[in-house]
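Descriptive analysis of the structure
So you can see what is in the structure, the chains are spelled out below.
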Amino acid sequence: MAGQKTERVALVTGAGRGIGRATALALAREGYALCLAARSLEELEETRRLSGLAPARSLIVLIDLAGEESPQDLFDAALEHFGQIDVMVNNAGWAPPRTALVKTSAAAQDRILAVNLRAPIALSRLAAARMVKNGGGAIINIASAAARNAPAGEAVYAAAKAGLVAFSRAAFAELRSSGVKLTVIIPGLVDTALIPPNKHLDRALMLGADDVAEAVMAVLRAPTRACPVEIVLEPQRNPERAR
């Protein structure tokens, strides 16, 4: 194992860009070693470079979390390298362009549910088992305002993110007595590549990836007697322009 048992280790999915990269960099600044997971080697290597961490303290795992065995494979790789996981950030997400429900393919439906719901549930389950045994840790799931707003054209994505919110609250109820923090963060519109250019959005008013990363760090800084179970982040001013 490359890491030391006394070192804090965080596993971040979707760490190649956007919220995942911002979160990974915030964790690195706080002294965490990182397991960086995503599908793009180039993007993950850039995250590692920006973190300033040596390879021994910043494991890169190329993985597509839509695969049925992918969560287990990722978790096993992180444990083999570091020997522990103290923080699990389920950030990876995927959605196609807005599509009418009746035009959504079975393949797209399955991928949306796999990446946005099945994988974070599986990784939370695996992390929780280790954290309970170790007497504590933190699992932070990144959902979306689509879970609450349920916009047209995003029926399956909204369902997946709403499921992640419900799962997170129920999992907290199970894990709270073990000392494991479990939080779901529900951001509104965030200026990332997941939202394509849109003349109806003022991107300068949208949340930044760093805003969500700061919410993640706030969870980790919370006193042991308190857990922010659900955090809703919205842009202070509405970025949606009148149509």
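In this report, we go over the structure that sits alongside the text. (Residues numbered from 1 in each chain as written. Predicted model: local features only at pLDDT ≥ 70, side-chain atom pairs only at ≥ 80, totals over all residues. Heavy atoms only, no water.)

A closer look at the overall build of the protein
Rules: Helix and strand definitions here come from DSSP, where helices need a minimum of 4 consecutive H or I residues and strands a minimum of 2 consecutive E residues; each element is numbered from the N-terminal end. For the radius of gyration, the atoms used are the C-alpha atoms, and the globule rule reads 2.2 Å times the number of residues raised to 0.38. Between buried and exposed lies partly exposed: a residue is buried under 20% and exposed over 50% of the maximum accessible area for its type, with that area taken using a 1.4 Å probe on protein chains only. Whether two residues are in contact is decided by their heavy atoms: any pair within 4.5 Å suffices. With residues, only the protein chains shown are counted as cover, and all accessible areas are computed by Shrake-Rupley using a 1.4 Å probe. In this tally Asp and Glu are treated as negative and Lys and Arg as positive; neither His nor the chain ends contributes. A single reference atom marks each charge: NZ on Lys, CZ on Arg, CG on Asp, CD on Glu.
Within the protein, the secondary structure is distributed over 7 helices and 7 strands. Counting from the amino terminus, helix and strand elements in the protein follow one another as β-α-β-α-β-α-β-α-β-α-α-β-α-β. For the protein, whose C-alpha radius of gyration is 17 Å, the value lies close to the compact-globule estimate of 18 Å for 243 residues. Once the C-alpha set of the protein is aligned to its principal axes, its extents read approximately 55 × 40 × 35 Å. Counting the 243 residues in the protein, one finds 50% classified as buried. Restricting to contacts in the protein with at least 6 residues of sequence separation, those with at least 24 account for 69%. Approximately 11,800 Å² of the protein is accessible, and the part contributed by carbon and sulfur atoms is 51%. Within the protein, the 24 negative side-chain charges are centred at a point lying 4 Å from the centre of the 28 positive side-chain charges.

Looking at the environment of Ala-122
With respect to the helices and strands, Ala-122 occurs in helix H4 (residues 106–134). Using a relative accessible area of 12% as the deciding quantity, one classes Ala-122 as buried. Separated by 91 residues in sequence, Ala-122 and Ala-213 place their C-alpha atoms 22 Å apart.

Some remarks on helix H2 (residues 41–51)
Keep this limit in mind: The arc in question is traced by the directions running from the helix axis to the C-beta atoms.
Among the residues making up H2, those that are buried are Leu-44, Thr-47, Arg-48 and Ser-51. Looking straight down H2, one finds that the buried residues subtend no more than 100° of arc, so they occupy a single side. Along H2, the residues that are exposed and aim more than 90 degrees away from the buried face are Glu-42 and Arg-49. Looking at the buried side of H2, the elements it contacts are helix H1 (18–29), strand E2 (33–38) and strand E3 (58–62). After H2 finishes, the residue Gly-52 shows a positive phi value of roughly 75°.

Some remarks on the packing of H1 against helix H7 (residues 209–221)
Spelled out, the test is: All axes here are fitted lines through C-alpha atoms, helices being fitted over the stretch that makes contact, and every angle between N-to-C directions spans 0 to 180 degrees. By the definition adopted for this analysis, an angle is roughly parallel if under 35 degrees, roughly antiparallel if over 145, roughly perpendicular if from 65 to 115, and oblique otherwise. Handedness of a helix crossing follows the sense of rotation of the near helix relative to the far helix, less than a right angle counterclockwise being left-handed and clockwise being right-handed. By the convention adopted, Pro, Cys, Tyr, Trp, Phe, Met, Ile, Leu, Val and Ala count as nonpolar, Lys, Arg, Asp and Glu as charged, and the other residues, Gly among them, as polar.
One can describe the packing of H1 onto H7 by two numbers: an axis separation of 8 Å at closest approach and a directional angle of 45°. One element, H1, and the other, H7, form an angle in the oblique class. Handedness of the crossing formed by H1 with H7: right-handed. In this structure, H1 uses Gly-18, Ile-19, Ala-22, Thr-23, Ala-26 and Leu-27 to contact H7, whose residues at the interface are Ala-209, Asp-210, Val-212, Ala-213, Val-216, Met-217 and Leu-220. For the contact of H1 with H7, the per-class residue count stands at 10 nonpolar, 2 polar and 1 charged.

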